[in-house]
Amino acid sequence: MSEDYVSPWETRLGWLALSAVVLAIMSPVLYSIYISFNEHGFGAARYDFTTAWYAAVFEDAQLLSALGWTVALALATVVVTIPFALLCAKLFKRLRRKLWLVFLILMPLFAPADIFASSLLVFFKTLNGTFEGIADATGLPVGHFFQLGFVTATIGLIVYTLPYAFVVILITMGRYNAEQTEAARACGATAWQAFLQVEFPQIRPGVLAATAFTVILVFNEYVRSNALKGGFDTFTTVLISQMLNIGMSEQSYAMGGMMSLTAISVVAAILAWTFARRAQLTRRAAAPAGN
Amino acid sequence: MTLAPDLDAPADTAAVSVRGLAKRYGPVRALDAVDLDIEAGSYFVLLGPSGGGKTTLLRALGGFIRPDAGTVRLAGREVQDLPPNRRPTGMVFQSYALFPHMSVLGNVAYGLKLRRLSAEEARARAEAVLARVGLDGYGERRVWELSGGQQQRVQLARALALEPRILLLDEPLAALDAKLRKEMCYELKHLQEQVGITFVHVTHNQEEAMTVADRIALISDGRLVESGAPKEIYERPRRRFTAEFVGERNLFDGRVAAVEDGIAAIETPGGPALAPAEGAAPGAEAAISVRSERLTLSREPRPGAALRAEWRERVYLGLVAQHIVALPDGRELSIRIAPGGPEDAGWSAGELCHVGWDPADARLHLD
């Protein structure tokens with residue numbers, strides 16, 4: 001139906017309501033960022049701007065180690081999740097019976113985080129016992145394969161992030177015309193050349209968005225990381241454990257602020273890039289063309 | 001030098017030779033034991049209704065569909081197991097399928113670069129082909145800046161730049177408006193005559209097929225119904241399906257009542273319908289078809305085949321006027337006559353009329 005007869009006030013009210021909802025959701029986050037820049041911390045009557053709490057985060061060896069592990073986890077997860085999500089999305093486009101694939105890939109989203117984390121924990125403990133048994137019996141160096149640590153945490157995070165990455169890539173891929181791949185093949189390209197030179201450049205925004213989303217998810221994840229990480233800490237597990245054990249310190253607010261600002265910046269950058277690209281395409285499309 | 005792969009076959013070999021080609025999609029038989037030969041250097045059209053299997057056949061030639069059975073020989077070489085990039089074919093798609101992240105020149109030079117031509121040589125060849133399709137100076141444009149007709153030309157240039165032995169065109173003009181489609185038909189025909197390679201063109205549009213084709217094959221229900229020169233297909237269709245699908249023909253189904261002096265008669269409620277017997281014997285199930293422009297309309301019966309009918313309506317179509325009449329059983333016939341003549345005017349609904357034709361203009365179909 002045409003929008004010609006919709007009152008402009010209806011649209012304005014819609015935007016107002018949406019802004020109010022977003023503000024309500026974001027206000028605790030914005031407030032904690034506000035506190036993180038106060039020299040006197042939470043609840044103080046005075047407000048003096050400082051970046052000292054952020055500096056303190058970077059002077060703390062434990063936090064820096066946690067940051068390092070988190071970055072490593074994010075990288076390892078991205079390296080596996082993104083190509084796998086890409087393959088799943090390509091398989092989805094090719095399959096006739098798509099429902100089963102969607103069901104299988106999205107299933108992890110419908111299991112509560114703590115249930116999923118504890119299930120994986122039990123699974124890896126059992127697997128670890130089996131591998132230790134194999135190592136004892138055969139002398140093969142496989143006993144440590146599934147000890148809780150970086151590998152188990154990465155696997156947990158891959159299972160967690162894959163559905164999200166799949167959906168983001170699939171949305172971008174939905175706009176790709178598969179006949180372009182056939183056209184490239186008809187021009188002499190192998191299947192791999194057609195993908196790399198024709199399809200990938202067009203779905204790249206989706207792949208980048210999925211990568212950014214995966215990194216954010218890994219940085220934000222607590223339940224699975226905490227259950228499967230073994231002997232190291234991640235940024236979020238340190239933050240949560242500080243909150244639970246010693247309460248929110250100014251440093252905690254700074255850590256929370258860093259994570260929130262990073263996530264918001266990534267999303268804002270993707271949005272800005274998308275809008276800029278759309279504006280560029282619109283300008284080009286509007287350029288005069290002959291017959 | 002030619003750039004298409006696998007080109008060691010002699011030039012006089014049939015460009016396309018298909019034997020027993022079959023393809024099923026579950027219970028649907030998309031191709032059913034199709035045999036087809038296409039002469040090298042000809043413009044060949046696969047014509048048929050949607051879902052008839054013509055695009056499946058074209059895609060099997062291009063290597064985009066693996067047949068369940070049968071062989072495909074292109075330029076003398078068996079290729080049914082080869083991927084598209086190893087066949088001597090180029091392809092033009094209905095949806096254009098241009099690469100939007102490349103310029104016009106980038107699109108045309110894409111395959112040339114894959115063939116490892118130097119950047120300068122690829123550019124020179126791409127520009128030459130663009131000029132040939134009327135897009136000289138468009139190389140630096142983005143593809144979305146072009147109109148539909150221009151995009152189709154870029155696609156043609158991209159395919160022709162590789163100098164394939166056979167160019168496959170899948171409903172190439174379907175997305176264009178009627179006027180542009182007509183212009184592009186002539187351009188395609190002239191282009192094919194200039195480059196001299198084999199064009200295999202899929203369409204459901206008869207006019208398009210008639211305009212461009214040296215030969216036409218009708219495909220329906222996964223089968224090759226009939227093939228021949230456009231005039232043959234239009235004027236002397238062998239099969240009932242062809243008579244019904246191509247142009248506007250009036251059909252009379254029934255049993256051959258009698259054969260006399262080589263003329264067979266099928267009884268209709270308005271009288272006997274006559275056509276050359278073509279070897280049919282009395283009692284045979286058959287159909288007679290007559291083109292609507294071969295029928296005459298009169299108030300009095302004329303010599304030859306003549307049926308009594310009731311006049312219903314007239315539709316002015318510009319070059320011709322179409323008259324609709326009904327036989328006594330209600331079956332309608334269409335007659336096309338020149339507007340303004342004595343037979344065209346003065347009719348009123350329900351009036352008795354006579355429809356006639358020269359039996360030599362009719363066709364008897366035994367299938």
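For the structure itself, consult the block above.
Attention here is on the structure that accompanies the text. Nothing here was measured: the structure is a model prediction, and the numbers come from that model.

### Topic: the overall build of chain B
Now for step 1: From N to C terminus, chain B includes eight helices and 20 strands.
Now for step 2: The buried share of chain B, taken over its 367 residues, is 54%.
Now for step 3: Put simply, of all contacts in chain B between residues at least 6 apart along the chain, 66% involve residues at least 24 apart.
Now for step 4: Counting every atom, chain B has about 15,500 Å² of accessible surface; 49% of that belongs to carbon and sulfur.

### Looking at empty space enclosed by the protein
Now for step 1: Throughout the structure, instances matching the rule amount to one cavity of 30 Å³ or more.
Now for step 2: Taken as a whole, the largest cavity holds about 40 Å³ of empty space.
Now for step 3: Lining the largest cavity are Ala-183, Ala-186 and Cys-187 of chain A together with Gly-90, Met-91, Gln-155, Arg-158, Ala-159 and Leu-162 of chain B.
Now for step 4: Where the lining of the largest cavity is concerned, the elements lending two or more residues are helix 7 (179-186) of chain A together with strand 6 (89-92) and helix 4 (148-160) of chain B.
Now for step 5: Here the element with the most residues in the lining of the largest cavity is helix 4 of chain B; it accounts for three residues.

### With respect to the sheet that holds strand 2 (residues 28-38) of chain B
Now for step 1: In spatial order, the strands read 2-1-4-5 (chain B); together these four strands make up an open sheet with antiparallel pairing. Edge positions in the open sheet fall to strand 2 and strand 5 (77-78) of chain B, since each of these has one partner strand only.

### Quick look at the interface of chain A and chain B
Now for step 1: Across the boundary between the two partners, chain A contributes 26 residues, which contact 31 residues of chain B.
Now for step 2: For the pairing of chain A and chain B, the buried interface totals around 2,300 Å² over both sides, and the portion due to carbon and sulfur atoms is 56%.
Now for step 3: There are one salt bridge connecting chain A and chain B.
Now for step 4: Its salt-bridge partner being Arg-59 of chain B, residue Glu-182 of chain A comes within 2.5 Å of it at the nearest N-O pair.
Now for step 5: The tally of links between chain A and chain B comes to eight residue pairs in polar contact (both at pLDDT 80 or more).
Now for step 6: Elements represented by at least two residues in the side of chain A that touches chain B include exactly helix 7, helix 8 (191-220) and helix 11 (250-286) of chain A.
Now for step 7: It is helix 7 of chain A that provides the largest number of residues to the side of chain A that touches chain B, a total of seven residues.
Now for step 8: Across the side of chain A that touches chain B, the residue classes tally to twelve nonpolar, nine polar and five charged.

The rules behind the values
- Residues numbered from 1 in each chain as written.
- Chains lettered and ligands numbered in written order.
- Predicted model: local features only at pLDDT ≥ 70, side-chain atom pairs only at ≥ 80, totals over all residues.
- Heavy atoms only, no water.
- Helix = DSSP H or I, 4+ residues; strand = E, 2+ residues; numbered from the N terminus.
- Buried < 20%, exposed > 50% of the residue type's maximum accessible area, 1.4 Å probe, protein only.
- Contact = heavy atoms within 4.5 Å.
- Areas by Shrake-Rupley, 256 points an atom, 1.4 Å probe, with all protein chains shown as cover.
- 1 Å grid on protein atoms, 1.4 Å probe; cavity = no way out; pocket = protein on both sides within 12 Å on 5 of 7 lines; lining within 4 Å.
- Points joined across faces, edges and corners; volume = space filled by probe spheres on them.
- Pairing = 2+ DSSP bridges.
- Buried area = accessible area lost by both parts, 1.4 Å probe.
- Salt bridge = Lys/Arg side-chain N within 4 Å of Asp/Glu carboxyl O.
- Polar contact = N/O pair within 3.5 Å; in protein donor to acceptor, adjacent residues only side chain to side chain.
- Nonpolar A, V, L, I, M, F, W, Y, C, P; charged D, E, K, R; others polar.

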